[in-house]
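# A closer look at the structure
Spelled out from the first residue to the last, the chains are:
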Amino acid sequence: MITVHLVDTGVNNLLSICNALEMAGARLEICRHPEDLRNADRIVLPGVGAYRDCIHGLVHGGFVPILNELVLSNNIPILGICVGMQMMARRSYEGGEYEGLGWFDADVVKIQPSDPHLRIPQIGWNTTTFREGEPLAQGLPADPDFYYVHSYYLRCDNPNDIAATCQYGGIITASIRKNNIVATQFHPEKSQDFGLRVLENFLSWQP
Amino acid sequence: MKYMLKRRLIPKLQMKQSRFSAEHMVLVTTVQFNKVIEVGDPVSQAKIYQAQAADELIFLDLDATPQSRKPLTHIIRKAAEEIFMPMTIGGGVQSVQDFRLLLENGADKVAINTAAVYTPELITAASERFGAQCVVVSIDVRRNEVGKHRVWTHCGKQPTNLDPVEWAQQAEERGAGELLVTSIDRDGTRQGLDIELIARIVESVSVPVIAAGGCGVALDFVDGFLKGKADAVAAGTFFCFQDQNPMQTRAHIANAGIPIRLHT
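These numbers come from a predicted model, not from an experiment.

Between two packed helices, what matters for the description is the angle formed by their axes and the separation of those axes. Residues and elements named next belong to chain B. Close contact between helix α3 (residues 96-104) and helix α5 (residues 121-130) brings their axes to 9 Å; oriented N to C, the two are set at 45°. The pairing of α3 with α5 is recorded here as oblique in orientation. Regarding α3 and α5, the two cross each other, and that crossing is right-handed. Where α3 abuts α5, its residues V96, F99, R100 and L103 lie against L122, A125, A126, R129 and F130. Here the contact of α3 with α5 is composed, by residue class, of seven nonpolar, no polar and two charged.

Dropping the structure here:
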């Protein structure tokens, strides 16, 4: 059985992601302290709600040095979800300006749909187009729908980092991948069978 | 049309305490918020809706506010073990602490109705603490004797002087991330949504609006999306009492040219 170390900064409710990862076949280690991550061989970084609260949870909880070591030096596979993905950018402009982990050359900016009728936040199921051969999309049909809830998105400098996109009055980054790091803006834990498949794909991913 | 956000189909699970056991919650339907009919077990029914690929679920505890009881957490916790789609829960929510408790037990969004009217600062407090995306302001509306829409609280038992359009705008300003608009007059009647009400609110706010109350045939959903311009349509009675499930209804909606999730 594959063990997943889940970062728990105390800011987010992890029940749904825990239930979904277990359904996908993972054994979970909930990591409330940075040292709990020490033996991780697969990490999930969740995040919902305000960017500021999430990043403060990581920084003040002392998680940043060990995450940098495990992910950037030891190449441990990691999956970021929603704000968990956004925290991998260099900075976010949500409610101010906050520095992120800086793993991707990207900024987190407000969605500004070209169509004024589109509502913010984007809430609901949207068609998601993955790049050819993306590991998270293995076994999924072309252009599956996933569940999104967000007002901000990741704007990448480098198009090579973008693994999937959706359309919301413009192109929105739906997933990113670089080396051993992968992340989704959508919520696999809320996307029924397709979402569980994404989590299974992460569990078996060998970057 | 394919590459866009889909409109949502949301079964609404209304719950009351069982007549036989106060600890047991039963799934019910209502007509104009009265005439309660017990129809089953909420969590079992939720699992059926999951199998039928509903887009989201709304659980409403109808007794909590009238009985001044705290919201129930065990139903949502049990549902969260096996249901992997967004879940909203409402009924009896009065404080930021209630929000926290429900979110910790598996809710993705929390609906507030009576408390939002009487303590509107709760909308802002919850929105700032947990994010606007999880604050759903539920607005129950009845037409008065001269046909004007008015907001009612306490599960349709107490009138207010609030105009639902003004109230919707105020709720959005205060931080609501979504609005659930229910016509009490149409509830359970299967006569169709109050399209005028829905359209007026949709035009006056920029957050997503869920329309509810009155769906009797699949065409009523189509009207809610096309004429009402609702982002989502919720229904209780519709899915409980006839040979219609979210999958079949979805096909009707797609045939009317409305973007909706088909391949699940």
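Still more ground to cover, so stick around.
Moving on, we come to the pairing of strand β11 (residues 152-156) of chain A. All names here are of chain A. Within β11, four of the five residues are buried, which leaves it mostly tucked inside the rest of the structure. Relative to β11, strand β7 (residues 106-110) is paired through five bridges, and the arrangement is antiparallel. Looking at the pairing, A106 lines up with C156 of β11.

Let's shift gears to the interface of chain B and chain A. Taken together, the contact between chain B and chain A spans 43 residues of the former and 31 residues of the latter. Summed over both partners, the interface of chain B with chain A buries about 3,000 Å², with 54% contributed by carbon and sulfur atoms. When the buried area of chain B at its contact with chain A is split by residue, Y3, L5 and F84 of chain B rank highest and sum to 26% of it. On the surface where chain B and chain A come into contact, there are three salt bridges. Ionic pairing is found between D108 of chain B and K190 of chain A, a salt bridge with its closest N-O pair at 2.8 Å. For the pair chain B and chain A, the number of links is 16 residue pairs in polar contact (both at pLDDT 80 or more). Listing elements by their share of the side of chain B that touches chain A, those giving two or more residues are α2 (74-82), α3 and α5 of chain B. For the side of chain B that touches chain A, the leading source of residues is α2 of chain B, giving four residues. Taken together, the residues that form the side of chain B that touches chain A break down as 20 nonpolar, eight polar and 15 charged.

Residue and element names in this part refer to chain A. Ordered by their spatial adjacency, four strands build an open sheet running β6-β5-β7-β11, and the pairing between neighbours is mixed. This sheet does not close on itself; its edge strands, each paired only once, are β6 (98-99) and β11. Sheet topology places strand β5 (residues 91-92) next to β6; two bridges connect them, and they run antiparallel. Its bridge partner lying in β6, S92 is registered against Y98.

This part takes up the packing of aromatic side chains. Tallying each qualifying case throughout the model produces twelve aromatic pairs over all chains. Plain terms: the ring middles of F146 of chain A and F186 of chain A are 4.0 Å apart, the flat faces sit at 20° to each other, and that makes the pair stacked. A residue pair is termed long-range when its members are at least 10 positions apart, and F146 of chain A in strand β10 (residues 145-150) and F186 of chain A in the loop between β14 (181-184) and α5 (192-204) qualify at 40 residues. Residue F146 of chain A is classed as buried on the basis of its relative accessible area, which comes to 0%. Connected via pairs of aromatic rings, a cluster forms that spans F130, F146, Y148, F186 and F194 of chain A. One Lys or Arg, R142 of chain B, reaches over the ring of W152 of chain B and ends 4.4 Å from the middle of that ring.

Here the focus is the side chain of D8 of chain A. Within the element layout of this structure, D8 of chain A appears in the loop between β1 (2-7) and α1 (15-23). Excluding its chain neighbours within four sequence positions, the residues that come into contact with D8 of chain A are L14, I30, C31, R32 and F63 of chain A.

Of all hydrophobic cores here, the largest spans 73 residues; its most connected members are L21, L37, I43, L58, L67, I78 and W103 of chain A. Among the elements that take part in this core, α5 of chain A stands out by supplying six residues, more than any other. Excluding residues that lie within four positions of it along the chain, W103 of chain A makes contacts with L67, N68, V71, L72, I78, M88, K178 and I181 of chain A. Core analysis: the second largest hydrophobic core is formed by 70 residues, L57, V135, A171 and I253 of chain B among them.

A few words now on unusual backbone geometry. In this structure, P121 of chain A follows I120 of chain A across a cis peptide bond, with omega equal to 5°. Looking at where P121 of chain A falls in the secondary structure, it is placed in the loop between β7 and β8 (122-127). Of note, D143 of chain A is a non-glycine position whose phi angle comes to about 55°, a positive value. Relative to the helices and strands, D143 of chain A is located in the loop between β9 (129-130) and β10. Exposure remark for D143 of chain A: the relative accessible area of 18% places this residue in the buried category. Even without being glycine, H154 of chain B reaches a positive phi, approximately 50°. Following the sequence through the fold, H154 of chain B ends up in the loop between β8 (149-153) and β9 (158-159).

Cut-offs applied
- Residues numbered from 1 in each chain as written.
- Chains lettered and ligands numbered in written order.
- Predicted model: local features only at pLDDT ≥ 70, side-chain atom pairs only at ≥ 80, totals over all residues.
- Heavy atoms only, no water.
- Axes fitted to C-alpha atoms, helices over the stretch in contact; angles between N-to-C directions.
- Helix = DSSP H or I, 4+ residues; strand = E, 2+ residues; numbered from the N terminus.
- Parallel < 35°, antiparallel > 145°, perpendicular 65-115°, else oblique.
- Left-handed = near helix turned anticlockwise from the far one by under 90°.
- Contact = heavy atoms within 4.5 Å.
- Nonpolar A, V, L, I, M, F, W, Y, C, P; charged D, E, K, R; others polar.
- Buried < 20%, exposed > 50% of the residue type's maximum accessible area, 1.4 Å probe, protein only.
- Pairing = 2+ DSSP bridges.
- Buried area = accessible area lost by both parts, 1.4 Å probe.
- Salt bridge = Lys/Arg side-chain N within 4 Å of Asp/Glu carboxyl O.
- Polar contact = N/O pair within 3.5 Å; in protein donor to acceptor, adjacent residues only side chain to side chain.
- Phe/Tyr/Trp six-rings, centres within 6.5 Å; stacked < 30°, edge-to-face > 60°.
- Lys NZ or Arg CZ within 6 Å of the ring centre and 35° of its normal.
- Core = buried A, V, L, I, M, F, W, Y, C linked by side-chain atoms within 4.5 Å.

This is a description of form; function is not addressed.
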